[in-house]
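# Summary of structural features
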Amino acid sequence: MRVRPEALRRNYRRIVEAVGPGPGVLPMVKADAYGLGMADAVECLAPLGPWGFGVATVSEGVALRALGFEGRILVCSLPPLGEMEVGVDAELDLSISNVRALDAARSAAAATGRVPRLHVDVDTGMGRSGFDWRRVDEWLPELTDAAEAVEWVGAYTHLHSADADETGTAEATIAVQWDRLEGLRSRLADALGSPLLHVLNSAGVFRRPALGNAMVRPGIYLYGGGIGAGQPEPEPVISLHARVVHVRDAVEGTTVGYGSTYASRGDERWATLSIGYGDGLPRALGNRGHALVRGVRVPIIGRISMDVTVVDITGVPEVEEGDEATLIGSQGAEAISLDEVAGLADTISYEILTGLTPRLPRVWSDEKEGPSS
Ligand SMILES: *Cc1c(COP(=O)(O)O)cnc(C)c1O
């Protein structure tokens, strides 16, 4: 797998152009920067001056601290209560979704002698975490009470349908969720000392860019995943490669792979590639997906195995062992996009990226040709 740091930086700059220089940017680097590698992603983006970096768990935040990153790290999900103290001790910004979590943060303050930096997670419709926006009268006083022991840094909500393809749905739902948070803004400001608001994920950034100058929290767009029909395309950041390790002729009726789900329909030529579902290539691409070899798109035949995948190269007989095959990315004029692969596998780009396994080396390089696996 190859990762292009310049493309990642260009996608970041496009987000800054869309929202303007005012709002801070919190690139999400959870799940090992969506599978690309958190350490490299942070090294790549930190010089561009983000407000901080977003992770999903305390252990991810602790790992980022251990790399020597001294800036803000926001854990953008509610940590289990037992992890609050570790998070406070590592000087992570933490999300608070309920009063028990707030109590745990106060205990952590007492135990560590540090002032927890907290962000209020306001539930405006996602429903999986956060304080219900309708019940602000119940929870806001509790937050105010805690203000001596903690620092209220931010207040945020998370969009549920910002990448909806149906015309107008994304804009409409973003507006509803924004209005719910905006409706609390002055009360939050009075009670908690004007916390920093943040709302927009990647898909929201280009649809409602100017929401109240609030900070934005992009993830997938940075890493080259599309954000819905009619939206600006990110530049591809990753490409996925394998080597041709075996070439053979297959007379009519020759079968391939587990379950022998494909048999040659005449005299065919096949190539075996050194990549399988054990590397994160979705098994769903068996008899559906494609690879590029020598600049030509060829079909995957049979089931994908854990370690290898077979393609039909009858149309490109010059392919030989040692050639590079591209499963995601481009060769010459041909390209297989991350979103095409996700669509064929009946999933989303996020799951493809985070499903790439540690067995694949991540090679960060802007060179056109580089090492591959
Ligand atoms: C993952 C995540 C994001 C980023 O979402 P993308 O769709 O990848 O841009 C933003 N905010 C929160 C709370 C998240 O969990």
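Here, the structure is the one placed above.
Throughout what follows, the structure given in this document is the object of discussion.

Calculation notes
Residues numbered from 1 in each chain as written. Predicted model: local features only at pLDDT ≥ 70, side-chain atom pairs only at ≥ 80, totals over all residues. Heavy atoms only, no water. Helix = DSSP H or I, 4+ residues; strand = E, 2+ residues; numbered from the N terminus. Buried < 20%, exposed > 50% of the residue type's maximum accessible area, 1.4 Å probe, protein only. Contact = heavy atoms within 4.5 Å. Areas by Shrake-Rupley, 256 points an atom, 1.4 Å probe, with all protein chains shown as cover. Lys, Arg positive; Asp, Glu negative; His and termini not counted. Charge placed at Lys NZ, Arg CZ, Asp CG, Glu CD. Salt bridge = Lys/Arg side-chain N within 4 Å of Asp/Glu carboxyl O. Near = heavy atom within 4 Å. Polar contact = N/O pair within 3.5 Å; in protein donor to acceptor, adjacent residues only side chain to side chain. Nonpolar A, V, L, I, M, F, W, Y, C, P; charged D, E, K, R; others polar. Axes fitted to C-alpha atoms, helices over the stretch in contact; angles between N-to-C directions. Parallel < 35°, antiparallel > 145°, perpendicular 65-115°, else oblique. Left-handed = near helix turned anticlockwise from the far one by under 90°.

### Here's the deal with the overall build of the protein chain
Within the protein chain one finds 12 helices and 19 strands. Taking the principal axes of its C-alpha atoms as reference, the protein chain extends roughly 80 × 45 × 40 Å. Within the protein chain, the fraction of its 373 residues that count as buried is 51%. When contacts within the protein chain are restricted to residue pairs at least 6 apart in sequence, those whose partners lie at least 24 apart make up 66%. Total accessible area on the protein chain is roughly 15800 Å²; 49% of this is exposed by carbon and sulfur atoms. Here the protein chain contributes 34 positively and 51 negatively charged side chains, and the mean placements of these two sets differ by 1 Å.

### Quick word on the pattern of salt bridges
Under the defined criterion, the tally for this structure stands at 20 salt bridges. Between Asp93 and Arg72 there is a salt bridge, with the nearest N and O atoms lying 3.1 Å from each other. Here Arg72 lies in strand S3 (residues 72-75) and Asp93 lies in strand S4 (residues 93-96), a separation of 21 residues in the sequence. Linking Asp89 and Arg114 is a salt bridge whose minimum nitrogen-to-oxygen distance equals 3.2 Å.

### Notes on the site of the ligand
Around the ligand sit 13 residues in total, of which Lys30, Tyr34, Ser202, Ile220 and Tyr350 are the nearest. Here an oxygen atom of the ligand and a backbone polar atom of Gly219 are 2.9 Å apart. In isolation the ligand has 380 Å² of accessible area, and contact with the protein removes 93% of it. For the shell around the ligand, the per-class residue count stands at six nonpolar, four polar and three charged.

### As for the packing of helix H7 (residues 136-146) against helix H9 (residues 185-192)
Each pair of packed helices can be described by the angle between their axes along with the distance between the axes. Where H7 meets H9, the closest approach of the two axes is 9 Å, and the angle between their N-to-C directions is 25°. Our classification of the angle between H7 and H9 gives roughly parallel. For the element pair H7 and H9, the recorded crossing hand is right-handed. Residues Val136, Asp137, Trp139, Leu140, Leu143 and Thr144 of H7 form the contact with H9, whose participating residues are Arg187, Leu188, Ala191 and Leu192. Residues of the contact of H7 with H9, tallied by class, amount to seven nonpolar, one polar and two charged.

In short, geometric facts, not functional conclusions.
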